[in-house]
Amino acid sequence: MTKKVFVTHQLPGARIHDLARYCELNMWMGPGLLGVENLRQELRGCHGLICLLTDRVDATLLAAVPDLEFVSSMSVGVDHVDLSALSARNIPLGNTPGVLVDTTADTAFALMLAAARRVVEADNFVRQGNWTQKNAWAPDFFTGKDVSGATIGIIGLGQIGQAVARRAAGFGMEILAWNRTSRQVPGVESVSLEELLQRSDFVSLHVALSDETRYLMNAERIALMKSDAILINTARGGIVDEEALAVALADGHLAAAGIDVFENEPVSPDNALLSLKNVVVAPHIGSATTLTRGKMADIAVENAIAALEGRPMIHCVNPDVYR
Ligand code: NAP
């Protein structure tokens, strides 16, 4: 029997063109993202799903698709998928780790430099015609905070956290890290979460989002940070209590933030963080380079092809399903 696979978006990369040789392929052609209802309709009778992090694969959806045999997500984070519901049905979930590590670490550093040196604020200042003879270079003109030589605290020393540490070493930074499980990395001092927050000039988040890490950065922990510290989030929005962060930034309890990810995406224009000029934001572009997105798509397709051929996926989040 020919298996049916649904892909929730047109994908870059080379491998997607081969997929039709292995299955009956159906792909959402847009425009934009397909919603929950469309996904449920399209997935009916399908054996495989290739999805993005914008597609919520929850227990309700899974109950409506009894034939589903595998899910392959073009992302490393899989918080958009109900993993226990999948595992309960022995459905493997593929993801795309590794290939986006350096790209995402670059984004964390881009946000860190932009927030510390007020790059976006300065850009707006020039474009809006405010750079005049009366309002020009002065000793305190657009002064920011040094990244070089400062102390960075990395929360989550996984692949991306370690790539951030390598960049920080190049900037001559003192590097602190907290990881759930003990991990020794040369040049990185392991400390408790509290000590990290108290000592760091920059705090960069790199843990996966789960029930345990949701609101890890709550009001209490944000209050432990230095008042001139900067918070960078390229992990997942749900790790931070956004309201508490906005209050701290507005009240001067925190100097600035660089944020690539929000609890609800696309972020609402009413989100308090967007009204603060000491916040630099991006629309979840951590892994967004042409090369990296192509590699991620290729892995997502490879995972699907492995499943269609009855082999274990190359990158499987719940390998226990193969036991
Ligand atoms: P990784 O190598 O698997 O690292 C995951 C990290 O999360 C590890 O430090 C891990 O700690 C920690 N972690 C997992 N569950 C935890 C829990 N319950 N409590 C505390 N710590 C926990 O993954 P990665 O490639 O570095 O990616 C990290 C995250 O970055 C992804 O999950 C994703 O959400 C996010 N990301 C965002 C973008 C973007 O576009 N902005 C791009 C790529 C990735 P242990 O070592 O103890 O397991």
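Keep in mind it's a predicted model, so treat the numbers as computed, not measured.

A.B. asks: Just checking my understanding: could you explain the site of the ligand for this structure?
C.D. replies: The full set close to the ligand counts 27 residues, and Gln159, Ile160, Asn179, Arg180 and Thr181 are the nearest of them. Contact distances for the ligand include 2.7 Å between an oxygen atom and a side-chain N or O atom of asparagine 179. A distance of 3.1 Å separates an oxygen atom of the ligand from a polar atom in the side chain of arginine 183. Computed on the free molecule, the ligand has an accessible area of 930 Å², of which 85% lies beneath the protein chains in the complex.

A.B. asks: Help me understand the UniProt feature "domain: D-isomer specific 2-hydroxyacid dehydrogenase catalytic" (unreviewed entry) in the protein, please; the structure alone is not making it clear to me.
C.D. replies: In the UniProt entry, the feature "domain: D-isomer specific 2-hydroxyacid dehydrogenase catalytic" (unreviewed entry) is given for residues 36–318. Between the C-alpha atoms that bound residues 36–318 there is a distance of 24 Å. The span itself is 34% helix and 13% strand.

A.B. asks: Sorry if this is basic, but what is going on with the nonpolar core here?
C.D. replies: One recurring pattern in soluble globular proteins: nonpolar side chains tend to sit buried together. Among the nonpolar cores identified, the biggest contains 49 residues, and Leu11, Leu19, Ile50, Ile152, Met173 and Phe202 are the most heavily contacted of them. By residue number, the principal contributor to this core is helix α4 (residues 101–116), which donates 9 residues. When residues of this core are assigned to domains, at least three map to each of domain 1 (4–98 + 290–322) and domain 2 (101–281). Leaving out residues up to four positions away in the same chain, leucine 19 has contacts with Val7, Leu25, Ile50, Val301, Ala304, Ile305 and Leu308. Of all hydrophobic cores here, the second largest spans 31 residues; its members include Ile155, Leu176, Val207 and Ala229.

A.B. asks: Sorry, what's going on with the side chain of asparagine 95 here?
C.D. replies: Among the structural elements, asparagine 95 can be located in the loop between β5 (93–94) and α4. Its relative accessible area of 9% is what places asparagine 95 among the buried residues. Once you skip the residues sitting within four places of it in the chain, asparagine 95 turns out to touch Ser73, Ser75, Val76, Val78, Ile299, Asn303, His315 and Val317.

A.B. asks: I tried to follow the domain arrangement of the protein on my own but got confused; where do I start?
C.D. replies: Frequently, the measure chosen for interface size is the accessible area removed from exposure when the parts meet. Along its sequence, the protein is carved into domain 1 (4–98 + 290–322) and domain 2 (101–281). Placing a centre on the C-alpha atoms of domain 1 and another on those of domain 2 gives a separation of 32 Å. Between domain 1 and domain 2, the residue contacts involve 6 residues of the former and 5 residues of the latter. When domain 1 packs against domain 2, the two sides together hide about 510 Å² of surface, and 44% of this comes from carbon and sulfur. Three residues stand out in domain 1 for area buried against domain 2, namely Asp79, Gly98 and Thr292, and they jointly supply 69% of the buried area on that side. Linking domain 1 with domain 2 are 1 salt bridge, by the criterion used here. Where domain 1 meets domain 2, there are 3 residue pairs in polar contact (both at pLDDT 80 or more).

What counts and how
Residues numbered from 1 in each chain as written. Predicted model: local features only at pLDDT ≥ 70, side-chain atom pairs only at ≥ 80, totals over all residues. Heavy atoms only, no water. Near = heavy atom within 4 Å. Polar contact = N/O pair within 3.5 Å; in protein donor to acceptor, adjacent residues only side chain to side chain. Areas by Shrake-Rupley, 256 points an atom, 1.4 Å probe, with all protein chains shown as cover. UniProt positions renumbered as here; feature names shortened; annotations may be inferred. Helix = DSSP H or I, 4+ residues; strand = E, 2+ residues; numbered from the N terminus. Core = buried A, V, L, I, M, F, W, Y, C linked by side-chain atoms within 4.5 Å. Buried < 20%, exposed > 50% of the residue type's maximum accessible area, 1.4 Å probe, protein only. Domains from an automatic or database assignment. Contact = heavy atoms within 4.5 Å. Buried area = accessible area lost by both parts, 1.4 Å probe. Salt bridge = Lys/Arg side-chain N within 4 Å of Asp/Glu carboxyl O.

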